[in-house]
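Each chain is listed here by its residues.
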Amino acid sequence: MSSLASVWYTRCPAPTPLSIAHQLGWIDRSFQAAGVAVRSIRDSKDPAVRQSHFTHALDYAFRQGGNIPPISARSGGRETRVVGITTTDEFQAIIALPGSGIRTGADLEARRIGVPRKLDQTIIDFQRATALKGIVSALSLEGLGHGDVELVHLDSAEPNLIERGNDAFLGLKRRYPYGDELLALARGKIDAVFVKGAEGLVLANQIGAIVVSEFGFHPDAKIRINNGTPRPLTVDKRFLDDHFDLVTDLVQTVHGVAAWAQSNPDQAVRFIANEIGVGEDAIRAANGPDVHKHLALSLDDEQVAAFGHFKDFLLEWGFIPADFNVTDWIDSRPLEAAHRRLAA
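Residues numbered from 1 in each chain as written. Predicted model: local features only at pLDDT ≥ 70, side-chain atom pairs only at ≥ 80, totals over all residues. Heavy atoms only, no water.

Some points on the pattern of salt bridges
Any two side chains of opposite charge can pair, given that their charged atoms come close.
Consideration 1: Applying the stated criterion across every chain yields a total of 23 salt bridges.
Consideration 2: Across the salt bridge formed by E275 and R11, the nearest N and O atoms sit 2.7 Å from each other. Taken together, the positions of E275 in helix α12 (residues 265-276) and R11 in strand β1 (residues 6-11) put the pair 264 residues apart, joining distant regions of the chain.
Consideration 3: On the accessibility criterion, E275 (2% relative accessible area) is buried.
Consideration 4: For R11, a relative accessible area of 12% puts it in the buried group.
Consideration 5: A network of salt bridges, in which partner residues are shared, links D59, R78, R238 and D242. (Salt bridge = Lys/Arg side-chain N within 4 Å of Asp/Glu carboxyl O. Helix = DSSP H or I, 4+ residues; strand = E, 2+ residues; numbered from the N terminus. Buried < 20%, exposed > 50% of the residue type's maximum accessible area, 1.4 Å probe, protein only.)

Regarding the packing of aromatic side chains
The description of an aromatic ring pair uses the distance of the two centres, along with the angle that the planes make with each other.
Consideration 1: In this structure the tally under the stated criterion is 10 aromatic pairs.
Consideration 2: For the ring pair F310 and F313, a centre distance of 6.0 Å and an interplane angle of 10° mean the geometry is stacked. With F310 and F313 both in helix α14 (residues 301-316), this residue pair falls 3 residues apart, about one helical turn. Judged on exposure class, the residue F310 and its partner F313 are both buried.
Consideration 3: With a centroid separation of 5.5 Å and an interplanar angle of 85°, the aromatic rings of F324 and W329 are classed as edge-to-face. Neither F324 nor W329 differs from the other in exposure class; each is buried.
Consideration 4: Through a chain of ring-to-ring contacts, three or more aromatic side chains come together here, namely Y9, F31 and F62.
Consideration 5: Over the ring of F324 we find K311, and its NZ or CZ is 5.9 Å from the ring centre. (Phe/Tyr/Trp six-rings, centres within 6.5 Å; stacked < 30°, edge-to-face > 60°. Lys NZ or Arg CZ within 6 Å of the ring centre and 35° of its normal.)

Quick word on the sheet that holds strand β8 (residues 192-196)
Consideration 1: One open sheet accounts for 5 strands, arranged β7-β6-β8-β5-β9; its pairing is mixed. Unpaired on one side and paired on the other, β7 (150-156) and β9 (210-214) mark the two borders of the sheet. Strand after strand, the sheet turns through a mean of 40° between neighbouring axes, direction not considered.
Consideration 2: Across 2 bridges, the pairing between strand β6 (residues 112-118) and β8 is parallel. If you follow I113 over to β8, its bridge partner there is A192. (Pairing = 2+ DSSP bridges. Axes fitted to C-alpha atoms, helices over the stretch in contact; angles between N-to-C directions.)

In structure tokens, the structure reads:
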């Protein structure tokens, strides 16, 4: 096994144990103990490196966040493995303006629903895929399909990831989503739009929107599964093969966040809010008052089945180029090894 000088990592602005472990300094300390430096993909000035946040193209890299980019990378042939999954449900809704006359999901029939669409197609359009899955889920609850509404594409040339230190915007660490959707609603171009998470909830509250359909905590996992539910911890296969013990160290470190968060609930919520860039009250409203209890790393059958369902959705809608076996994508060995260490 060759020595390793550094590893790459990236995380999404979302409630994940990886983001909390990073803010606690645990990730750096874990790898520094092995003499390995940790480099952030999102903080890189190199556009090719930053693109790996979505493509998982770098060797010796790990990631936790939305599941659409890693599913896309695996479908495209990139050899990665899922070594843990976190399921933290979140607010998901179709919203409309008060004057629209739309009050329930049934009222969406024959109405115009906005769908964001990136003009840059070099990486998967995860925002469009996320919105479409939310729209399909909401319509299905009323016995409707996407053919029963008018999907209005809202094209944007804006980059997928805008953060401080790269493309700074008025001092904020990143630009919030749903700007195009909000403008389209205000201009009467669309009647309703899908939003999710703390940012979506804040937007809905800010404009006094009507929540037409809310399904982020629906009991049927096939309804609530989306880009953010669940969130996988993935590594490239070369990293796993060449440095299994380091990957196990990583999994054990991230896994430890669950117990810490339950003992430090207020600080956990503060870390999540800081990661996303919203208030702590928005986190509790969007993810539930017990969000700190839903930061575990596991690999249970229900989570794997949810991935399979969502992968099939992305394949059906043409977002990914090829099918693959989700079960084969999972590698439980590092998590099992971490459990054995803790038991010992």
